[in-house]
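So you can see what is in the structure, the chains are spelled out below.
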Amino acid sequence: EGNYTCVANNRAGKLEAAAFITVNVKPSIDSLENVTVLEGVPSVSLSCIGRGVPRPSIHWRKIGSKVKLATEMHRIELNEDIKTNSEVTHSTLTIFSPEPPDAGLYECIAVNEAGRHSKSAKLIVEFGPTFESQEMDVQWSWDQKPVSLSCVAKSVPDASLTWWVGGKQIGRH
């Protein structure tokens, strides 16, 4: 960046032409990390650092969601930290009281006059097991016919399932 001057000179005279050159640099994203939290924590934050000339603006989106993040402002907060005379924008997306539906891929998008760059990070919200469906609480069998029992638990990370009867685990000796 700077002033450049071209000088043409001979015995008959001198001519100068000047131009100011600004170099634009396409944005890049320095860091964006995957985050895992437990359901029920007060908040979780994803941080994105974008660089470029001119300094890029940062936008966030949840991949696969048609809902704009700004429409859920009661639980989502966006903060930008911009230093004077800097080529860096530090943006933080904070989700308060994260729930399992908040899990997914979040994309940080840095944009300036030279172009755009994006990176994504996975947010995992871990939660304890819940039983998805219980066919029946009681199963009946006649004439010593076999009975099929099923148990489906939903959780992140996946839960291990064991069966018990009379205080003893089935399948363990």
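Residues numbered from 1 in each chain as written. Predicted model: local features only at pLDDT ≥ 70, side-chain atom pairs only at ≥ 80, totals over all residues. Heavy atoms only, no water.

Chemist: Before we go on, may I ask you to explain the nonpolar core in this structure?
Modeler: Nonpolar side chains tend to gather and get buried jointly when the protein is soluble and globular. Counting 19 residues, the largest nonpolar core has Cys48, Trp60, Leu93, Tyr106, Cys108 and Leu123 as the members making the most contacts within it. Contributing elements (two or more residues each) for this core: β4 (35-38), β5 (43-53), β6 (57-62), β8 (88-96), β9 (104-112) and β10 (115-133). The contacts of leucine 93, once residues within four sequence positions are left out, are Val44, Ser45, Leu46, Trp60, Leu69, Ile76, Glu77, Leu78 and Tyr106. (Core = buried A, V, L, I, M, F, W, Y, C linked by side-chain atoms within 4.5 Å. Buried < 20%, exposed > 50% of the residue type's maximum accessible area, 1.4 Å probe, protein only. Helix = DSSP H or I, 4+ residues; strand = E, 2+ residues; numbered from the N terminus. Contact = heavy atoms within 4.5 Å.)

Chemist: What exactly am I supposed to notice about the state of the cysteines here?
Modeler: Working definition of a disulfide: a covalent bond connecting the sulfur atoms of two cysteines. Going through the model one piece at a time under the given rule, you end up with 1 disulfide. The disulfide bridge from cysteine 48 ends at cysteine 108, spanning 1.9 Å between sulfur atoms. When the S-S torsion is -75 degrees, as for the bridge of cysteine 48 with cysteine 108, the disulfide is left-handed. With cysteine 48 in strand β5 and cysteine 108 in strand β9, the pair connects residues that are 60 residues apart, well separated along the chain. Residue cysteine 48 is classed as buried on the basis of its relative accessible area, which comes to 0%. (Disulfide = S-S within 2.5 Å.)

Chemist: Help me out: how do you make sense of the sheet that holds strand β3 (residues 25-31) in this one?
Modeler: Hydrogen bonds between backbone groups are what pair the strands of a sheet, and the pairing can be parallel or antiparallel. Reading across the sheet, the 4 strands line up as β3-β5-β8-β7 and stay open at both edges, with antiparallel pairing between neighbours. Of all the strands in the sheet, just β3 and β7 (76-82) have a single pairing partner and so form its edges. Pairwise comparison of adjacent strand axes, ignoring direction, gives a mean angle of 20 degrees for this sheet. Pairing geometry for β3 and β5, over 4 bridges, is antiparallel. Opposite isoleucine 29, over in β5, you have glycine 50 as the bridge partner. (Pairing = 2+ DSSP bridges. Axes fitted to C-alpha atoms, helices over the stretch in contact; angles between N-to-C directions.)

Chemist: Is there a simple way to think about the side chain of threonine 92 in this case?
Modeler: As for its position among the elements, threonine 92 is in strand β8. Classification of threonine 92 as buried rests on a relative accessible area of 16%. Discounting residues that sit within four places of it in the chain, threonine 92 has contacts with Ser45, Leu46, Ser47, Glu77, Leu78 and Asn79.

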